[in-house]
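Architecture and fold: a report
The lines below spell out each chain.
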Amino acid sequence: MKLGRLNHVGVATPSIADSIAHYEATMGASVTMEPFDLPAQGVKVCFVDTPNSQIELIEPLGENSPIHKFLEKNPLGGQHHLCFEVPDIEEARAWFEGIGKRILGPTRTGAHGTPIFFLHPKDMEGVLTEIMESPKQAH
Ligand SMILES: CC[C@H](C(=O)O)C(=O)SCCNC(=O)CCNC(=O)[C@H](O)C(C)(C)COP(=O)(O)OP(=O)(O)OC[C@H]1O[C@@H](n2cnc3c(N)ncnc32)[C@H](O)[C@@H]1OP(=O)(O)O
Ligand SMILES: [Co+2]
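Note that the coordinates shown come from a computational prediction; the quantities given were computed from them, not determined experimentally. (Residues numbered from 1 in each chain as written. Chains lettered and ligands numbered in written order. Predicted model: local features only at pLDDT ≥ 70, side-chain atom pairs only at ≥ 80, totals over all residues. Heavy atoms only, no water.)

**Side note on the coordination of the cobalt ion (ligand 2)**
In ideal tetrahedral geometry, four donors around a metal make angles of 109.5 degrees, whereas ideal octahedral geometry with six donors gives angles of 90 or 180 degrees. To be explicit about the condition: Coordination here is defined by N, O and S atoms within 2.8 Å of the metal (3.2 Å for Na, K and Ca), and since water is not considered, a site can look incomplete. The rule is simple: four donors are tetrahedral if all their angles sit between 85 and 135 degrees, four are square planar and six octahedral if opposite donors span more than 155 degrees and the others lie between 65 and 115, and anything that fits none of that is irregular. The helix and strand labels rest on DSSP assignments: H or I over at least four residues marks a helix, E over at least two residues marks a strand, and numbering proceeds from the N terminus. Any residue under 20% of the maximum accessible area for its type is buried, any over 50% is exposed, and the rest in between are partly exposed; the area is computed with a 1.4 Å probe on protein chains only.
On the protein side, the cobalt ion (ligand 2) has His8 (NE2), Glu56 (OE), His81 (NE2) and Glu130 (OE) as donor atoms, found 2.1 to 2.3 Å from it. Considering all six donor atoms around the cobalt ion (ligand 2), angles at the metal cover 79 to 173° and the coordination shape is octahedral. In primary-sequence terms, the residues that donate to the cobalt ion (ligand 2) follow H-x47-E-x24-H-x48-E. Linking Glu56 in strand E4 (residues 54-60) with His81 in strand E5 (residues 78-86), this pair joins segments that are 25 residues apart in sequence. With a relative accessible area of 5%, Glu56 lands in the buried category.

What follows is the structure in structure tokens.
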């Protein structure tokens, strides 16, 4: 396995609208995209572009959102996960399974429209880790 690009840092928030205002007013970000819902993943999402990566703002969507409990423990929100890119998601899944890391649920489509999976934080030095297949290069 070769460490791939840090695609994004997932930041949970009780309000994406408030967080966008924060990143624009405090950090000089320019958020041009509209937040969008990912019902299958239980989150509303908005990306804040940085020069070399992205902040992925995630707000709970629906009763069963996987980040409800995180926000109960961290009412202001906070850093939630790191997402690294890999060339081939199935190869990566086999690698992590082979070294005994717990994979959380099935491989599914992430916010960038490519396959992703999550590794349990307890197996990853306390860091909830998302693995994402790199978007195919446009020709
Ligand atoms: C996919 C769309 C988008 C994208 O980028 O494409 C996203 O990234 S969506 C992001 C939201 N979705 C997920 O996070 C899915 C994977 N997450 C999970 O399955 C859960 O959040 C899980 C299992 C990591 C934690 O679930 P929950 O909080 O309900 O359970 P516990 O409170 O029992 O947690 C167990 C244990 O883990 C610690 N924990 C929880 N969340 C985190 C975290 N974000 N980072 C580090 N550690 C975390 C928690 O404190 C518990 O530890 P303990 O010592 O037992 O208290
Ligand atoms: Co993510």
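**Re the site of ligand 1**
Rules: Here a residue is considered near a molecule or strand provided that any single heavy atom belonging to it is located within 4 Å of it. What qualifies as a polar contact is a pair of N or O atoms within 3.5 Å, subject to a donor-acceptor requirement within protein and to the restriction that residues adjacent in sequence count only when both atoms come from side chains. Only the protein chains shown count as covering a residue, and every accessible area follows the Shrake-Rupley method with a 1.4 Å probe. A cavity here means a set of points on a 1 Å grid, drawn over the protein atoms and nothing else, where a 1.4 Å probe fits but cannot get out; a pocket is an open set with protein on both sides within 12 Å along at least five of seven lines, and a residue lines either one if it has an atom within 4 Å of a point. More than half of a molecule's atoms within 2 Å of the grid points is what it takes for that molecule to sit in a cavity or pocket. Residues were grouped as follows: Ala, Val, Leu, Ile, Met, Phe, Trp, Tyr, Cys and Pro as nonpolar; Asp, Glu, Lys and Arg as charged; and all remaining residues, including Gly, as polar.
As a matter of local geometry, ligand 1 sits amid 23 residues, with Glu56, His80, Ala111, Lys122 and Glu130 nearest to it. Within the side chain of Glu56, a nitrogen or oxygen atom sits 2.5 Å from an oxygen atom of ligand 1. A distance of 2.9 Å separates an oxygen atom of ligand 1 from a polar atom in the side chain of His81. Burial of ligand 1 by the protein amounts to 73% of the accessible area it has alone, namely 1100 Å². In this structure the site holding ligand 1 corresponds to the largest pocket. Listed by contribution, the elements that provide at least two residues to the shell around ligand 1 are E4, helix H2 (68-73), E5, strand E6 (103-109) and strand E7 (115-119). Looking at the shell around ligand 1, its residues break down into eleven nonpolar, six polar and six charged.

**Looking at the pairing of E5**
Put simply, the rule is: Two strands make a pair as long as DSSP finds a minimum of two bridges between them.
Counting buried residues in E5 gives seven out of nine residues, a clear majority hidden from the surface. In terms of strand pairing, strand E1 (residues 6-12) meets E5 through six bridges, oriented antiparallel. Within the sheet, the bridge partner assigned to Val11 lies in E5 and is Gln79.

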